[in-house]
Amino acid sequence: MYLDGKKIASHYNAYTIFDAIVTDLENTVHTLTIRADNRFSKDSALHIPNDYMSYGGVSRPVVLEQIRGQYIRSIRVTPHYRENCWHADAEVEVQNISGQTADVEVQLTLAGQKLPSRHISLEAGASGTLCWSAVFEDAEEWSPENPALYEAAAYLKNGNELIDDLIDRFGFRRVEISGKDILLNGKKLRIRGLCRHEDHPQFGCALPYSAIAADLEIIRHLGANSVRTSHYPNDELFLDLCDEQGILVWEENHARGLSEADMKNPNFEAQAERVIEEMIPAHYNHPSIYIWGILNECASDSEYGRECYRKQFELIRKLDSSRPCSFASCKFKTDICFDLPDVVSYNIYPLWYHDTLVDEYLKDLYCWVQEETGGAGKPFLVTEIGAGGIYGYRNPAHSKWTEEYQAMALEQQLTGVLKHPDCTGVYIWQFCDIRVSEEWFGGRPRTMNNKGIVDEYRRRKLSYDVVRRIFLEDAETAVKHAQTALQ
């Protein structure tokens, strides 16, 4: 990033936010230049030819803001439920970019409750964090059925002058692991989800608000209650809408299909960990995010890979202890990392990449996880399952790549997974057809990943009605089970 031809910042990774602060800027016309480079190179360990398109250019919003000598850098709200009511801890970080010591005051209003002001003295160039705790006896909890949102508003004053403010939203909800279950507000979660890439034939990966909202409307109509952000942190607009609509989100860092050799790139650990360090603070307050994921289908079957997974889970828990974490594995009976996450997650494709019956394959895999790994007794998720189907390609023989075969495969796959007694839920691969790197053309007709329930234009395939019927029936069954448990 350049201002008037002078470099002011550089940033790796296309999916997380960064900022650049310029001081003593004259009040005149300036030129801001952003150079985005999506070329593959050894300098980038995460950005490699992959099963999705790596678009170039600026794909996320750019905001210009005039700030004073001090400003509010972030608000972080952590809700807790204890003693039969909701509590919240809040942290406000203040930055001093001036050349002298500053004494400032922070006022905080949390869910309509004005909390006592705090003062802080910051040396030149320093930052500091102020903390509050409060009780909210009448707070409504956030849930998919009732996505109640509240404001956290921080105001920064220097003497009697208001010099900055920052307003964010949060929800009162808690996510816990209890044996083989994931609990939301003390109730067992049942995941009916879709994996979704940020990809659209009109907009590339830079989807506007209207296109994101349209996607979520389709997802809700399908009966899904969750989205997995494959395979990178998503746009803030998407997360805001999920917060508002009560859609649960699995968000993960940027890494897919990296081999052990890829992970031995000297830049890998620093780049992957940097994504986590930027993703979690930026998205911490979104109540829709119920789990953090990392390193989809990477080298979790090697000792070197295991150490990378260990370090990244350690980093996640340091940044956020309020949510569980996981990773999606494709290593059939060879994974050695399931003692590390809170949830065991597998990507499986029976009836597509192999002809094994779904029940047989899942039973065999689940038994191995319980008997041979450190994943015994943990919640179990199927994070990818599906089959390819090219929109408009139909024949009565149900050949592979037809809409008929995809619908048949998904019916058997979803039925088999959702009836497994110890499976927390499923994510279908995937919501819509997407472009892939040109290097993947050999196994991907149209140079597309064609496993979408809708095509790239969001036109429904035959599998759409199958998925909707199964998801709605499963949701109805889950409600009946919950009612029975309360009696």
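Placed above this text is the structure.
Residues numbered from 1 in each chain as written. Predicted model: local features only at pLDDT ≥ 70, side-chain atom pairs only at ≥ 80, totals over all residues. Heavy atoms only, no water.

Student: Explain unusual backbone geometry residue by residue, including any values.
Tutor: With the exception of glycine, the majority of residues adopt a negative phi angle, and the majority of peptide bonds are in the trans configuration. A cis amide bond, omega -15°, links Ser230 with the succeeding residue His231. Topologically, His231 is positioned in the loop between β15 (226–229) and α2 (236–245). Residue Gln430 is bonded to the preceding Trp429 through a cis peptide linkage, with omega at 5°. Take Gln430: it is sitting in the loop between β21 (423–428) and β22 (434–435). Even without glycine at this site, His398 takes up a positive phi of about 55°. For His398, the position within the fold is in the loop between β20 (380–384) and α7 (403–418). Using a relative accessible area of 38% as the deciding quantity, one classes His398 as partly exposed. (Helix = DSSP H or I, 4+ residues; strand = E, 2+ residues; numbered from the N terminus. Buried < 20%, exposed > 50% of the residue type's maximum accessible area, 1.4 Å probe, protein only.)

Student: Quick rundown of the sheet that holds β21? Include the residues and the values.
Tutor: Through backbone hydrogen bonds, the strands of a sheet pair up, either in parallel or in antiparallel fashion. If you walk around this closed barrel you meet the eight strands as β14-β15-β16-β17-β18-β19-β20-β21, and the pairing is parallel. Neighbouring strand axes in the sheet, compared pairwise and without regard to direction, differ in orientation by 25° on average. Helix-sheet contacts for helix α5 (residues 303–319) involve β17 (289–294) and β18 (325–329), and the interaxial angle to β18 is about 150°. Sheet strands in contact with helix α6 (residues 358–372) are β19 (343–347) and β20, and its direction is about 130° off that of β20. (Pairing = 2+ DSSP bridges. Axes fitted to C-alpha atoms, helices over the stretch in contact; angles between N-to-C directions. Contact = heavy atoms within 4.5 Å.)

Student: Describe in detail the nonpolar core, supporting the description with residues and values.
Tutor: Counting 79 residues, the largest nonpolar core has Met263, Phe268, Tyr309, Tyr346, Phe380, Val382 and Leu414 as the members making the most contacts within it. If you look at the next biggest cluster of nonpolar residues, it comprises 29 residues, including Ile75, Val92, Ala148 and Ala154. (Core = buried A, V, L, I, M, F, W, Y, C linked by side-chain atoms within 4.5 Å.)

Student: Residue-level account of the state of the cysteines, with values.
Tutor: One pass over the structure, following the stated rule, counts zero disulfides. Unpaired in terms of disulfides, Cys195 finds its nearest cysteine sulfur in Cys432, a separation of 11 Å. On the accessibility criterion, Cys195 (0% relative accessible area) is buried. A disulfide-free cysteine, Cys298 has its sulfur positioned 8.7 Å from the sulfur of Cys330, the nearest such atom. Exposure remark for Cys298: the relative accessible area of 1% places this residue in the buried category. (Disulfide = S-S within 2.5 Å.)

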